[in-house]
Amino acid sequence: MTTDATLTALAAQLERELAGAVELRHQLHARPGLSGDEAATRELVLAALPGRHTATEVAGTGAVVRVGGSGPAVAVRGELDALAVHEETGVPWASRHPGVMHACGHDVHLAALVALARAVDRAGGPAPLLAVLQPREETYPSGAQDVTEDGILEREQCRAAVGAHVQPLLEAGTVACTPGGVNASADEFTVTVRGRGGHAAYPHLTRDPVVTLAHVVVALQSLVSRETDPMSSVVLSVTTLAAGTAANVVPGSAEARGTLRAMRTADREFLHQRLVETAESVARAYGCTADVRITRGEPVLDNDATLTAATRPLLASLGLKVAADLRSAGADDFSYFSARMPALMLFVGTHGGTEQLHSPTFLPPDERVRDVAHALLAGYLAAAEQFVPRP
């Protein structure tokens, strides 16, 4: 069990680290880097972490830093990358890089992680902490996939992983700590229908791929409404259509692109199969062919039930309100951690004066650094208690 003395000591030390963490947040926010261009961000964070620890470079522009000694450890993830968004917050520490902004709260996450790492270093903790500075959360190829496939977590004897994400759907001071699937898998697909083009005045001499693709798009909607359990969350969205260059010409091909999201792995695999079968069958009925390409993205982000249950009372002890279950069809590549080990993603409320994630005006107040740091502390202590053997 996590002792009251351990919790009290770490929470007190964390409070002492918050002023420096907020200043770091401002520095990170002012100097954002896009996915794959995070080296400068990484160096800012490394400079703020406890100085006597060695950083191991990973995934190109990322790093892993061990804090608190040798042996089995708990990983705590922070994302390095920003978004291609032009900031409109007007704060003195707004982005100095036009068209690039920390519009998803990664600056807050990193600052909170640094505060926690420094607290563990100075006050001691029940297990070593691995500060995972992860690149490329916002784009492909996934930085989390590269980190987890590198082997560094196994070499560092990582037993569990914890992450946190600001969430404007929740009130400030509230944290969602939900067992099971909390973020959906996210895959992209492209359907290319090929027919026979010709003059628009003689449609009987063509095999029209535009009409065919329209029927494919409609048919795909039935995969969700009629072929999956209505109690299971699945989203299939066709988001782009492209065909032809002239009003009086039936083109030879037409293309649709979209995304497929599911909260259960079984639904994901089933819908991959049915998407291909449906597109090919409908195209065949109209004398055309269909080629379907599916690009697999993040798997389902699955929170470990034991870790979730152990974290909730610690959140309450730290003064945070535990929210009702929160699940989202959005995706986060922290799911690659949860696919390999017990993992927990916490959603930390920011509601009040901020816009939605990825908005040019999204700016959680500095007070949220404290909330995220406390949420990570609760997850770290619970993970150490449940999954790191005592000597």
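Conventions we followed
Residues numbered from 1 in each chain as written. Predicted model: local features only at pLDDT ≥ 70, side-chain atom pairs only at ≥ 80, totals over all residues. Heavy atoms only, no water. Phe/Tyr/Trp six-rings, centres within 6.5 Å; stacked < 30°, edge-to-face > 60°. Buried < 20%, exposed > 50% of the residue type's maximum accessible area, 1.4 Å probe, protein only. Core = buried A, V, L, I, M, F, W, Y, C linked by side-chain atoms within 4.5 Å. Helix = DSSP H or I, 4+ residues; strand = E, 2+ residues; numbered from the N terminus. Contact = heavy atoms within 4.5 Å. Salt bridge = Lys/Arg side-chain N within 4 Å of Asp/Glu carboxyl O. Pairing = 2+ DSSP bridges. Axes fitted to C-alpha atoms, helices over the stretch in contact; angles between N-to-C directions.

What to know about the packing of aromatic side chains
Point 1. Applying the stated criterion across every chain yields a total of one aromatic pair.
Point 2. Pairing Phe334 with Phe337 gives two aromatic rings, centres 5.2 Å apart and planes at 25°, and the pair type is stacked. Summarising the burial analysis for this pair, Phe334 and Phe337 share the class buried.

What to know about the nonpolar core
Point 1. Core analysis: the biggest nonpolar cluster contains 62 residues, and Leu116, Leu129, Leu346, Leu377 and Tyr380 have the highest contact counts within it.
Point 2. Here this core takes 12 residues from helix H10 (residues 367–387), the largest share from any one element.
Point 3. Not counting residues within four places of it along the chain, the set of residues in contact with Leu129 comprises Val65, Arg66, Val67, Val74, Val76, Leu113, Leu116, Ala117, Val120 and Tyr380.
Point 4. Core analysis: the next-biggest nonpolar cluster, separate from the first, contains 26 residues, Val132, Ala323, Leu326 and Met341 among them.

Things to note about the pattern of salt bridges
Point 1. Applying the stated rule across the entire model yields 23 salt bridges.
Point 2. Across the salt bridge formed by Asp267 and Arg264, the nearest N and O atoms sit 3.1 Å from each other.
Point 3. Under the relative-accessibility criterion, Asp267 is labelled buried at 6%.
Point 4. Classification of Arg264 as partly exposed rests on a relative accessible area of 42%.
Point 5. The network of salt bridges with common partners includes Arg77, Glu79, Asp332 and Asp333.

Considering the sheet that holds strand S12 (residues 253–262)
Point 1. Strand order in the open sheet formed by four strands is S10-S12-S8-S13, with antiparallel pairing between adjacent strands. Taken across any chain shown, the strands that pair with only one partner, and hence form the sheet edges, are strand S10 (234–243) and strand S13 (289–295). For this sheet, the mean angle separating the axes of adjacent strands, direction not counted, is 20°.
Point 2. Both S10 and S12 contribute to a ladder of nine bridges, which runs antiparallel. Each residue of the ladder has a partner; that of Ala242, found in S12, is Glu255.
Point 3. On top of the sheet, helix H6 (residues 209–227) reaches strand S8 (185–194), S10 and S12; it is set at about 170° to S10, its chief contact.
Point 4. The strands that helix H7 (residues 265–285) touches are S8, S10, S12 and S13; relative to S13, the one it contacts most, it runs at about 160°.

That is the geometry; function is a separate question.
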